[in-house]
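Take a look at the letters that make up each chain.
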Amino acid sequence: KPLNIFQETYSFSDAVRTAGLHPSSRLVSTGTIEADEALADKLGVAVGAPLLRMQRIRLIEGEPASIETAHVNLSLCPALPEHDVLLKEGGVRVEHGREHISISRLNAEEAELLQQEEGTPVFYESSIEFDKDMRFVEHCKSVILPTKFRFADNGEENGMSVAGEQWLKQ
């Protein structure tokens, strides 16, 4: 199974390729939203701040492995037509990030998307990335099948890591 080492693995695709497998994605939805009060508080942005919301199924060898829902800070690059442009043309570079992982169970919608039974145990991962000025760049939450993916930690203090720009590219 692919292994994500929190402070060293910058993307799902990198972890899957390192395991000698083929990663891919299937887009579920994408669009621009405004941060509500709860999201604004979580991300450290103003209520009404523009965000790109993207949900996709991450696949390993063509089979569903996780559901990833990302929110990207459009105020750093307002003309963002697609996810990768934030880095390529927006000049935004991820410098810091924080990840948390817990255990959950699939709800009905998630179970359908992952072709599993409702209530199946999953990893629940939440990550947030910042630029060098500690401005929010991206928040991502994922439900991940433990039969498809593993996690590890290299002992980095406070859970804070320095990330390369690859994190948003995949």
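Please refer to the structure placed before this passage.
## Thoughts on the overall build of the protein
From N to C terminus, the protein includes five helices and nine strands. Long-range pairs, those at least 24 residues apart, make up 62% of the contacts in the protein with a sequence separation of at least 6. Surface exposure of the protein reaches about 8,800 Å², of which carbon and sulfur atoms provide 47%.

## Here we look at the environment of Pro23
Residue placement: Pro23 occurs in strand E2 (residues 23-34). Residue Pro23 is classed as buried on the basis of its relative accessible area of 10%. Discounting residues that sit within four places of it in the chain, Pro23 has contacts with Phe12, Ser13, Val16, Arg17 and Leu59.

## Topic: the pairing of strand E7 (residues 136-144)
Summarising burial for E7: eight of the nine residues are buried, a large majority. Pairing of strand E4 (residues 63-73) with E7, which is carried by seven bridges, proceeds in the antiparallel orientation. Across the sheet, the residue bridging to Thr69 is Lys141, located in E7. Alignment of strand E6 (residues 121-130) against E7, held across eight bridges, turns out to be antiparallel.

## Let's talk about the pattern of salt bridges
All told, the structure shown has six salt bridges when counted by the stated rule. Between Arg17 and Asp14 there is a salt bridge, with its nearest N and O atoms 3.8 Å apart. Of this pair, Arg17 and Asp14 both sit in helix H1 (residues 12-18), three residues apart, roughly one helical turn. On the accessibility criterion, Arg17 (45% relative accessible area) is partly exposed. Looking at Asp14, the relative accessible area reads 21%, which means it is partly exposed. With a closest N to O distance of 2.6 Å, Asp131 and Arg135 form a salt bridge. Put simply, Arg56, Arg58 and Glu68 are held in one network by salt bridges that share partners.

## What about the layout of surface pockets?
Rolled over the atoms, a probe with the dimensions of a water molecule shows which regions are left empty. In this model, the largest pocket occupies a volume close to 180 Å³. Lining the largest pocket are Arg53, Gln55, Ile67, Thr69, Asn107, Glu109, Glu110, Leu113, Tyr124, Lys141, Ser142 and Val143. For the lining of the largest pocket, the secondary-structure elements that each account for two or more residues are strand E3 (50-60), E4, helix H4 (108-114) and E7. Counted by class, the lining of the largest pocket contains four nonpolar, four polar and four charged residues.

## Digging into the pairing of E6
Of all 10 residues making up E6, eight are buried, and the element is well covered by its neighbours. In this sheet, E6 lies alongside strand E5 (residues 96-105) in antiparallel orientation, the contact comprising 10 bridges. The partner of Glu99 across the bridge, within E6, is Ser127.

Cut-offs applied
Residues numbered from 1 in each chain as written. Predicted model: local features only at pLDDT ≥ 70, side-chain atom pairs only at ≥ 80, totals over all residues. Heavy atoms only, no water. Helix = DSSP H or I, 4+ residues; strand = E, 2+ residues; numbered from the N terminus. Contact = heavy atoms within 4.5 Å. Areas by Shrake-Rupley, 256 points an atom, 1.4 Å probe, with all protein chains shown as cover. Buried < 20%, exposed > 50% of the residue type's maximum accessible area, 1.4 Å probe, protein only. Pairing = 2+ DSSP bridges. Salt bridge = Lys/Arg side-chain N within 4 Å of Asp/Glu carboxyl O. 1 Å grid on protein atoms, 1.4 Å probe; cavity = no way out; pocket = protein on both sides within 12 Å on 5 of 7 lines; lining within 4 Å. Points joined across faces, edges and corners; volume = space filled by probe spheres on them. Nonpolar A, V, L, I, M, F, W, Y, C, P; charged D, E, K, R; others polar.

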